[in-house]
Amino acid sequence: MMNLALLRMGQFAALGLMALLGIVDLQGGLANNGLAVALWRIASAVIAAAVWLPTHRQDSTVLPQAALLLGLHSALLSIGLYRNGSAESLWGLAESVALLGVLMVVSRRGRAVWAVPAAAMLLLAVGTMPLRAGTLGGTYVVTFGLIQALAGAAAIGIGVYLRTLEGNRRRAVDAVRAEQRAEFARDLHDFIAHHVTGIVVQAQGARFIAEQDPKRVLLALEQIEQAGSETMASMRRMVGVLRDSGSQPDAPLAPVAGVDDLHTLVGQFTAAGGAQARLHLDGDMAGLPVEVSTSAYRVVMEALTNVRQHAPEARAVEVWLTRTGRQLLVRVGNDGPAPRPQMPRERPGYGLVGLTERVRAVGGMITAGPGAGGGWVVDAVLPLEWSVS
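Residues numbered from 1 in each chain as written. Predicted model: local features only at pLDDT ≥ 70, side-chain atom pairs only at ≥ 80, totals over all residues. Heavy atoms only, no water.

Asks: Is there a simple way to think about the overall build of the protein in this case?
Replies: Assigned secondary structure in the protein consists of 10 helices and 5 strands. The long-range fraction of contacts in the protein, counting pairs at least 24 apart against all pairs at least 6 apart in sequence, stands at 74%. Accessible area for the protein stands at about 22100 Å²; split by element, carbon and sulfur atoms hold 63% of it. (Helix = DSSP H or I, 4+ residues; strand = E, 2+ residues; numbered from the N terminus. Contact = heavy atoms within 4.5 Å. Areas by Shrake-Rupley, 256 points an atom, 1.4 Å probe, with all protein chains shown as cover.)

Asks: Can you help me understand the nonpolar core in this one?
Replies: What tends to happen in soluble globular proteins is that the nonpolar side chains get buried as a cluster. By size, the foremost hydrophobic cluster in this structure holds 36 residues, and its most contacted members are Val300, Val317, Val319, Leu321, Leu328 and Val330. When residues of this core are traced back to their parent elements, those giving at least two are helix H8 (262-271), strand S1 (276-282), helix H9 (290-310), strand S2 (316-323), strand S3 (327-334), helix H10 (351-361) and strand S5 (376-383). At 9 residues, H9 tops the list of elements feeding residues into this core. The contacts of Val319, once residues within four sequence positions are left out, are Val266, Arg278, Leu279, His280, Val300, Leu304, Arg331 and Val332. Grouped together as the second largest cluster of nonpolar side chains are 24 residues, Ala49, Leu99, Ala118 and Ala133 included. (Core = buried A, V, L, I, M, F, W, Y, C linked by side-chain atoms within 4.5 Å. Buried < 20%, exposed > 50% of the residue type's maximum accessible area, 1.4 Å probe, protein only.)

Asks: Looking at this structure, how should I read helix H4 (residues 93-109)?
Replies: Given 3.6 residues per helical turn, the α-helix brings residues three or four places apart onto the same face. Here H4 is 17 residues long and its end C-alpha atoms lie 24 Å apart, about the 24 Å a rise of 1.5 Å per residue gives. Those residues of H4 lying buried are Ala94, Glu95, Ser96, Ala98, Leu99, Gly101, Val102, Leu103, Val105, Val106, Ser107 and Arg109. (Expected span 1.5 Å × (residues − 1).)

Asks: Explain the sheet that holds strand S4 (residues 365-370) here, please?
Replies: Where strands meet in a sheet, backbone hydrogen bonds hold them as pairs that are either parallel or antiparallel. If you trace the 5 strands from one edge of the open sheet to the other, you get S1-S2-S3-S5-S4, paired in mixed fashion. Across the chains shown, the open sheet's two edge strands, defined by having one partner strand only, are S1 and S4. Neighbour-to-neighbour, the strand axes of this sheet turn through a mean angle of 10 degrees, independent of strand direction. Bridge count for S1 against S2 is 7 bridges, and the pairing is parallel. Bridge assignment links His280 to a residue of S2, and that residue is Trp320. (Pairing = 2+ DSSP bridges. Axes fitted to C-alpha atoms, helices over the stretch in contact; angles between N-to-C directions.)

Asks: Would you explain the pairing of S3 in this entry?
Replies: On any regular strand, side chains alternate: one points to one face of the sheet, the next to the other face. Pairing analysis gives 7 bridges linking S2 to S3, with the strands arranged antiparallel. Paired with Thr322 across the strands is Leu329, a residue of S3. The loop that links S2 with its antiparallel partner S3 comprises 3 residues. Here S3 runs beside S5; their pairing, made up of 8 bridges, is antiparallel. The residue bridging Val332 from the neighbouring strand is Val378, located in S5.

Asks: Explanation requested: the confidence of the model for the protein in the structure shown.
Replies: Reading fine detail from the predicted coordinates is not recommended where pLDDT is low. Averaged over every residue, the pLDDT of the protein is 77; the share at 70 or more is 70%. Within the model, pLDDT remains below 50 along residues 244-254, and this stretch shows 11 contacts once partners closer than five positions in the same chain are excluded. Segment residues 342-348: pLDDT under 50, and 4 contacts once partners within four positions in sequence are set aside and those in other chains are kept. (pLDDT = per-residue confidence, 0-100.)

Asks: When you look at the pattern of salt bridges in this model, what are you seeing that I'm missing?
Replies: Evaluated as defined, the whole model comprises 6 salt bridges. Its salt-bridge partner being Arg163, residue Asp59 comes within 3.1 Å of it at the nearest N-O pair. Here Asp59 is found in the loop between helix H2 (35-52) and helix H3 (62-83), whereas its partner Arg163 is found in helix H6 (residues 138-209), with 104 residues between them in sequence. Residue Arg163 is classed as partly exposed on the basis of its relative accessible area of 22%. A cluster of three or more residues bridged by salt bridges with shared partners is formed by Arg108, Arg109, Glu166 and Arg170. (Salt bridge = Lys/Arg side-chain N within 4 Å of Asp/Glu carboxyl O.)

Asks: What is the right way to look at a nonpolar patch on the surface in this model?
Replies: A cluster of nonpolar residues, Tyr140, Phe144 and Ile147, forms a patch on the protein surface that exposes about 310 Å² of accessible area. Within the fold, Tyr140 resides in helix H6. Tyr140 gets classed as exposed once you look at its relative accessible area, which sits at 53%. (Patch = residues over 30% accessible without salt bridge, like charges linked within 9 Å, V, L, I, M, F, W, Y side chains within 5 Å.)

Asks: I keep staring at the packing of H4 against helix H5 (residues 112-128) and nothing clicks. Help me out?
Replies: The description of two packed helices rests on the angle between their axes and on the distance between the axes. At their nearest, the axes of H4 and H5 sit 10 Å apart, and the two run at 160 degrees to each other. Comparing the axis directions of H4 and H5 gives the class roughly antiparallel. Where H4 crosses over H5, the two elements pack in a sense that is left-handed. Within the contact between the two elements, H4 uses Leu99, Leu100, Val102, Leu103 and Val106 and H5 uses Ala115, Ala118, Ala119, Leu122, Leu123 and Val126. (Parallel < 35°, antiparallel > 145°, perpendicular 65-115°, else oblique. Left-handed = near helix turned anticlockwise from the far one by under 90°.)

Asks: Whenever I open this one, the side chain of Asn334 confuses me. Can you help?
Replies: With respect to the helices and strands, Asn334 occurs in strand S3. Of the residues examined, Asn334 reaches a relative accessible area of 10% and is grouped as buried. A polar contact of 2.9 Å, which involves the side chain of Asn334, links it to the backbone nitrogen of Gly336. The contact partners of Asn334, leaving out residues within four places of it in the chain, are Val307, Ala311, Ala314, Ala316, Val317, Gly374, Gly375 and Trp376. (Polar contact = N/O pair within 3.5 Å; in protein donor to acceptor, adjacent residues only side chain to side chain.)

Asks: Would you explain H9 in this entry?
Replies: Here H9 is 21 residues long and its end C-alpha atoms lie 30 Å apart, about the 30 Å a rise of 1.5 Å per residue gives. Along H9, 16 of the 21 residues are buried, which leaves the element largely enclosed by surrounding structure.

Asks: Sorry, what's going on with the packing of aromatic side chains here?
Replies: Two descriptors summarise a pair of aromatic rings, namely the distance from one centre to the other and the angle between the planes of the rings. One pass over the structure, following the stated rule, counts 0 aromatic pairs. One cation-aromatic arrangement involves Arg308 over Phe269; the distance from NZ or CZ to the ring centre is 3.9 Å. (Phe/Tyr/Trp six-rings, centres within 6.5 Å; stacked < 30°, edge-to-face > 60°. Lys NZ or Arg CZ within 6 Å of the ring centre and 35° of its normal.)

Pasting the structure below:
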């Protein structure tokens, strides 16, 4: 909004200057009995202003094409007046300002394949306009021609500079959007992988207990249905965010889960069968920064998912969250064997890699490795306050 207001103010200032110079041109035409030529120059200035005044889209082709015609018309008019001996003391100051405005806008907004020849033609037109004032003498005509050509070069420089700034801003915005999309993709992995892993484990368990206890099968099916519904809701939310900003998502966006949701997460993990998980909270967890709370939740989620995938022999999982004055400490340990080394041809997982990036983004650290008493331990340190350098 501020940039648009400044743009409008600049346009009004340029129009005011053109109006004053138009009056000067008109008075000069009356003094030299050249009213018709003065009116023609003012009309040319108005037409040129009509070209640069509207807001043009980037890489426009219509703009440089119109500018090319304007420059050709102005240059032919200057050469015609000079050759016919109709030169006067004024050559059209309002038209000069208008053409400089067109030159700047073309350099900023025009498509390059058309903007280059249009700018060259406009620069030629601006530089040859003093030919209309042949009565001033050859030296003055050349001097004013060089001055106007330098003004035209300055207009091109300003246009190219603004074009570069806008291009850099657009690339920065694209980079931020790409980074956000990549982060949402990691969210998709974190949430969906956890739920899908639980569904698979529950389905496998239901198959084995189907003949022994049908009632437990019904309970497992209910848990599978609930986990499937949560998975679909998470996918719809992520897809809605990953869409273009102009489209409307089918599902409303929900806040990302945090520390307060860990009880539910650990309970669902235990209910799915296999290892029994217990949650231990040490310290007041209220008022945690959102980034810390969501990062802690994702650390626990990824660690529990890895227990399902890589430590099926584990029988107990301990989840500890400890809040100190400046940090939140997260530890997830299980009593299963350490994961086997990954084979070179196996597809690498992105869970821990994305989790490491996420934790580092909030100024924290995360490690994973064998525990001192056996099993596998994931430790994360999340600062409650950090500075972005």
